[in-house]
Each structure stands twice: as structure tokens, then as C-alpha cells.
Amino acid sequence: MSDTFTKGMARNIYYGGSVFFLLLFAGLAMHTTREMPKSDHRENLTQAVVNGKAVWEDNNCIGCHTLIGEGAYYAPELGNVFYRRGGGDLDAFKGFMQGWMKIQPLGIPGRRQMPQFNLTEQQVNDLAEFLKFTAEIDVNSWPPNIEG
Ligand code: HEC
């Protein structure tokens, strides 16, 4: 065997490495596909949740807020706001959301403002359902702090 690094060796590393990482990728992709239904609780996906997500997107809430860590860092994380402001109770949370959305902007000097979106009661209830759904996704207890 020669001491030099031959073209053949380089080719074997190239093909061997490619096959190894392709198999690893396929395995991890299959694992994710199998595990996701257990953690995202898609069985809770109702029409109200779907409508709430549409309201969320149409009004660009993510332009200021994060949801499970993704989004903008201007305003609080809302991935766990269902537990923070509703204590895990849907009726209590809907009550909070109706009040909160109605009184914006608070207009307190020196405090960041949230705009008034003029949403209907139905739209706010749907938003509450959507935020409850996201709160119940198993994200390994993230964020670790109830305040977001
Ligand atoms: C222009 C930026 C901005 C946009 C867009 C925005 N928000 Fe906010 N939101 C804020 C700010 C700032 C606060 C914190 C206000 C405060 O504490 O006085 C806040 C607070 C909240 C809270 C209360 C969070 C808590 O922990 O008490 C909720 C719920 C909320 N927003 C929902 C929404 C929803 C739903 C939308 C989309 C319809 C939205 N926000 C769009 C800026 C925004």
C-alpha cells in the first residue's frame, strides 16, 4: 500500500461519506415524521384554531411577537401566554384576550405599544383557540419561564 493519498482513496471517501450522510438524513427525517404527531397534538386542530392562525397571519402579530421562539423580539413571547394569562383555562383566557385586544393601545408613556386591530369578538376567540393550541405543543418545556 502506498503512503500517498490517491485519487481512488479520495473518491471512496467522497462516495462513502455521501452515502453515510444520505442514510443518516433519511433516518432522521423518518424519525421526525414518526415523532411529530406525538408532540404537536394535531388531534386538537379544530376549525377555530385554523381561523385563529389566519387572523394571526393577516395581522402580522409575528412582526412584533415571538411564538415558540420564532419571530420578532419587540413584544412578549406568546407561545405560553395561554398559561400565563389564562392559567390553562380556555374561558378565562378568552376573557383576558377580549379585554386585552379591546384596550390597545394602552398609551402608557415609556411602555412599548401594541396597536388596535379592531377585531371582532369571533376573531379574538379564534386567536385564543390558536394560542391555546400552540401552548399545548410539546416543546420540551420551552420557554423555561412562564413570563416568556
Ligand atoms: C407593533 C407591535 C405589535 C403587534 C403587531 C402586535 N403586538 Fe401584541 N404586544 C405588543 C407589545 C409591545 C406588548 C406588550 C404591551 C404591554 O405590556 O403593555 C404586546 C402584548 C400582547 C399580549 C399580552 C402578552 C402578555 O404576556 O400579557 C397579547 C396576548 C398580544 N400582544 C397579542 C397580540 C396579537 C394576537 C397580535 C396580532 C393580532 C399582536 N399582539 C400584535 C406589540 C405588538
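Conventions we followed
- Residues numbered from 1 in each chain as written.
- Predicted model: local features only at pLDDT ≥ 70, side-chain atom pairs only at ≥ 80, totals over all residues.
- Heavy atoms only, no water.
- Near = heavy atom within 4 Å.
- Polar contact = N/O pair within 3.5 Å; in protein donor to acceptor, adjacent residues only side chain to side chain.
- 1 Å grid on protein atoms, 1.4 Å probe; cavity = no way out; pocket = protein on both sides within 12 Å on 5 of 7 lines; lining within 4 Å.
- Sits in = over half its atoms within 2 Å of the grid points.
- Helix = DSSP H or I, 4+ residues; strand = E, 2+ residues; numbered from the N terminus.
- Nonpolar A, V, L, I, M, F, W, Y, C, P; charged D, E, K, R; others polar.
- Contact = heavy atoms within 4.5 Å.
- Buried < 20%, exposed > 50% of the residue type's maximum accessible area, 1.4 Å probe, protein only.

- Where an unreviewed UniProt entry is consulted, the chain appears under the name Cytochrome c, with the organism given as Shewanella psychromarinicola.

**What to know about the site of the ligand**
Logical step 1: Around the ligand sit 23 residues in total, of which Cys61, Cys64, His65, Arg111 and Met114 are the nearest.
Logical step 2: In this structure, arginine 84 approaches the ligand through a side-chain N or O atom, which is 2.8 Å from an oxygen atom.
Logical step 3: Note that an oxygen atom of the ligand is positioned 2.7 Å from one of the side-chain N or O atoms of arginine 85.
Logical step 4: If you map the ligand onto the pockets, it falls in the largest pocket.
Logical step 5: Contributions of two or more residues to the shell around the ligand are made by helix 3 (81-86) and helix 4 (90-102).
Logical step 6: Examining the composition of the shell around the ligand, we find that four residues originate from one element, helix 4, more than from any other.
Logical step 7: Tallied by class, residues from the shell around the ligand come to 15 nonpolar, four polar and four charged.

**Examining the side chain of threonine 134**
Logical step 1: Following the sequence through the fold, threonine 134 ends up in helix 5 (residues 121-135).
Logical step 2: The residues contacting threonine 134, other than those within four sequence positions of it, are Leu67, Ile68 and Gly79.

**Description of unusual backbone geometry**
Logical step 1: In this structure, the amide linkage connecting glutamine 104 to the following residue, proline 105, adopts the cis form with an omega of -5°.
Logical step 2: Along the chain, the position of proline 105 falls in the loop between helix 4 and helix 5.
Logical step 3: The omega angle of the peptide bond from tryptophan 142 to proline 143 is -5°, so this bond is cis rather than trans.
Logical step 4: Along the chain, proline 143 falls in the segment after helix 5.
Logical step 5: Backbone geometry at histidine 41 places phi at a positive 50°, although glycine is not the residue there.
Logical step 6: Considering the arrangement of structural elements, one finds histidine 41 in the loop between helix 1 (7-40) and helix 2 (47-58).
Logical step 7: Since its relative accessible area comes to 25%, histidine 41 is described here as partly exposed.
Logical step 8: The phi torsion at asparagine 60 lies on the positive side, around 50°, for a residue other than glycine.

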